Each structure stands twice: as structure tokens, then as C-alpha cells.
Amino acid sequence: MNTGDLFGAAAVPVRAEEPLAEGACLLRGFALPWQTALLEAVDDITARAPFRHLTTPGGLRMSVAMSNAGALGWISDRRGYRYTARDPDSGLPWPPLPHAFLQLAKAAAARGGFTDFTPDACLINRYRPGDRLTLHQDRDEREHIHPIVSVSLGLPAVFLFGGLQRGELALRVPLAHGDVVVWGGPARLRFHGILPLKPGAHELLGEQRINLTLRKAG
Ligand SMILES: O=C(O)CCC(=O)C(=O)O
Ligand SMILES: [Mn+2]
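Definitions and limits used
- Residues numbered from 1 in each chain as written.
- Chains lettered and ligands numbered in written order.
- Predicted model: local features only at pLDDT ≥ 70, side-chain atom pairs only at ≥ 80, totals over all residues.
- Heavy atoms only, no water.
- Helix = DSSP H or I, 4+ residues; strand = E, 2+ residues; numbered from the N terminus.
- Rg over C-alpha atoms; globule rule 2.2 N^0.38 Å.
- Buried < 20%, exposed > 50% of the residue type's maximum accessible area, 1.4 Å probe, protein only.
- Contact = heavy atoms within 4.5 Å.
- Salt bridge = Lys/Arg side-chain N within 4 Å of Asp/Glu carboxyl O.
- Pairing = 2+ DSSP bridges.
- Donors = N, O, S within 2.8 Å, 3.2 Å for Na, K, Ca; no water.
- Axes fitted to C-alpha atoms, helices over the stretch in contact; angles between N-to-C directions.
- Near = heavy atom within 4 Å.
- Polar contact = N/O pair within 3.5 Å; in protein donor to acceptor, adjacent residues only side chain to side chain.
- Areas by Shrake-Rupley, 256 points an atom, 1.4 Å probe, with all protein chains shown as cover.
- Nonpolar A, V, L, I, M, F, W, Y, C, P; charged D, E, K, R; others polar.
- Expected span 1.5 Å × (residues − 1).

Engineer: Run through the overall build of the protein chain, naming residues and quoting values.
Structural biologist: Secondary structure assignment for the protein chain yields two helices and 13 strands. Relative to the compact-globule value of 17 Å for 218 residues, the protein chain shows a C-alpha radius of gyration of 16 Å, a close match. Oriented by its inertia axes, the alpha-carbon framework of the protein chain measures out at about 50 × 40 × 35 Å. For the protein chain, with 218 residues in total, the buried portion stands at 52%. The contacts in the protein chain between residues at least 6 apart in sequence include a share of 73% that link residues at least 24 apart.

Rendered as C-alpha cells:
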């Protein structure tokens, strides 16, 4: 249920989930009832933990800019990929997960068939036109028994959703503002990525796409 309790049942139509694979589905427009709260929270978090371009272990600068909220935050540097309790730029704990993030993540996970999901980490990705995320697995979490809930805001993007091996053919899934993708269970370690963002201007976010990736990392 993504409407009703907060905004009245007619505010946003509840659409059927679209299966992508066993354990994975797309929930179109699912985040729209939360959009104002989400965007305010992103501004608040990134005022405290500003977006930055991380370096890969191989020494490359990532085109996507990142920040985090939650008890744990995902980082990358020459020493590798990992979660930390503190922002290495400020030495401070990451800002806490906002209530709206938790509420949305739980509701989306439940719609995807995963009850009792309580994330402790949210990676916030900022894409500008041309920025991309190459095919990868989300595997730095302590366990892989919990799903990933991924929220798209701003400019549209094409999500690549592949198989458990890097070389497998990937689905190309168009994602728009408010869409949520959930993957877990047998799909948890599927390779995925984002094609280079096309130029454009979103009415609320301008020339950018923001992605929230909610995880149980610790
Ligand atoms: O931006 C997206 O939709 C995907 C982000 C992602 O896969 C990640 O942050 O690990
Ligand atoms: Mn990922």
C-alpha cells in the first residue's frame, strides 16, 4: 500500500508490480507519495555529508557523486569497497536514516515479497547527464539475505538488470521519477548498472537524477 494512509486513496494510483526476475520487481511510481519528504531529507543529508566523487580501488574517479545516511555508509577508496560508520571526509557519523526512507523501504520491500526489511544504510547517488554506473553486484553487505530497495528521483534513466554472471544479457529497464526497484532472494546478487544519463531537465530536480539505495548492511 503506497497511498491512502498518508494522502488519500486517490492521490496516486496503486499500480501492479512488474516482475523483472524471480525475486525482483519494478514498482512504478511507488515513491511518489513520499517525494516531498524524500527530497527535503536528501537536501538535509547532503548539507551535512556533501556529495563527493569516490575513487575506485583501481584509482579511477567515479562519475556518480555519492553520500550516505544511516548507521553505515558505503565508500570506496584505494583500500577497497566497504561500509563505515563515519563519513571519512568529516569524521562524523553519517546522518541518520530519515523516517520517510525507512517507511518507504519497508513498504516497497513488502510489496516485493520481503517482509521485515529494516535497512540500516542508504547510499545516495547523484547522476548528472553522461554519468553512469557500470555493471556490478551489491555484495559488500555482511549478509545477502535482505533485499535491495532502489528509488529513482529526477531525470529518467535506463537500468541494466543482468544475471548472476557478468556476461549474461541484461534487461534494459526505463526508470522514471518515483519508480522503485526491489531485488532479493534468488535475484539478490544479480549484476546491475545504469546507462549514461541522457541530458534533460526534471521539473523538481533539474539536470540530475538522484537514486536512493536502501540496504541492510550490518
Ligand atoms: O542508480 C541506480 O539506480 C542503481 C544504483 C546502484 O546500483 C548502487 O548504488 O549500487
Ligand atoms: Mn548496485
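Still to come is the rest of the account.
Engineer: Now, about the pattern of salt bridges: what can you tell me, with residues and values included?
Structural biologist: Under the definition given, this model contains eleven salt bridges. The closest approach of N and O atoms between Arg-28 and Glu-18, which form a salt bridge, is 2.9 Å. You can see Arg-28 sitting in the loop between strand S2 (24-27) and helix H1 (35-48) and its partner Glu-18 sitting in strand S1 (residues 18-21), a full ten residues away along the chain. One salt bridge in this structure joins Arg-82 and Asp-77, with 2.8 Å as the shortest N-O distance. The exposure class of Asp-77 is partly exposed, given its relative accessible area of 23%. A single salt-bridge network, built from bridges that share partners, covers Asp-138, Glu-141, Arg-188 and Arg-215.

Engineer: I'd like a rundown of the pairing of strand S3 (residues 65-70), residues and numbers included.
Structural biologist: The buried fraction of S3 amounts to six of the six residues, a majority that puts the element mostly inside the structure. Going residue by residue along S3, you find Ala-65, Ser-67 and Ala-69 tucked away on one face and Met-66, Asn-68 and Gly-70 tucked away on the opposite face as well. The sheet contact formed by S3 and strand S6 (residues 121-127) spans six bridges and is antiparallel. Within the sheet, the bridge partner assigned to Met-66 lies in S6 and is Asn-125.

Engineer: Please set out the coordination of the manganese ion (ligand 2) residue by residue, giving values where relevant.
Structural biologist: Angles at a metal have ideal values that depend on geometry: 109.5 degrees with four tetrahedral donors, 90 or 180 degrees with six octahedral donors. Those donors, His-136 (NE2), Asp-138 (OD) and His-192 (NE2), are the protein atoms that reach the manganese ion (ligand 2), and they lie 2.1 Å from it. Read in sequence order, the donor residues coordinating the manganese ion (ligand 2) give the pattern H-x1-D-x53-H. Highlighted residues: His-136 in strand S7 (residues 133-136) and His-192 in strand S12 (residues 192-194), separated in sequence by 56 residues. A relative accessible area of 4% places His-192 in the buried class.

Engineer: Let's hear about the sheet that holds S3: which residues, and what values?
Structural biologist: Strand order across the open sheet formed by seven strands is S1-S2-S11-S8-S13-S6-S3, with antiparallel pairing between neighbours. Edge positions in the sheet fall to S1 and S3, since each of these pairs with one other strand and no more. With strand direction ignored, the average angle separating the axes of adjacent strands in the sheet is 20 degrees.

Engineer: Got a sec to walk through the site of ligand 1? Specific residues and values, please.
Structural biologist: Residues in close proximity to ligand 1 total 13 residues, the closest being Asn-125, Tyr-127, His-192, Arg-209 and Arg-215. Arg-209 places a polar side-chain atom, nitrogen or oxygen, 2.9 Å from an oxygen atom of ligand 1. If ligand 1 stood free it would expose 290 Å²; the protein chains cover 97% of that surface. Taken together, the elements giving at least two residues each to the shell around ligand 1 come down to S6, S7, S12 and strand S13 (209-215). With four residues, S13 is the single largest residue contributor to the shell around ligand 1. Its residues placed into classes, the shell around ligand 1 shows four nonpolar, six polar and three charged.

Engineer: I'd love a proper account of helix H2 (residues 99-111), names of residues and values included.
Structural biologist: Along an α-helix, residues three or four positions apart point the same way, because every turn accommodates 3.6 residues. An ideal rise of 1.5 Å per residue puts 18 Å on 13 residues; H2 measures up with 18 Å between its terminal C-alpha atoms. What H2 keeps buried is the set Ala-100, Phe-101, Leu-104, Ala-105, Ala-107, Ala-108, Ala-109 and Arg-111. The secondary structure elements touched by the buried residues of H2 are S2, H1, S6, strand S8 (148-154), strand S11 (180-183) and S13. Looking at the residues trailing H2, positive phi occurs at Gly-113, about 100 degrees.

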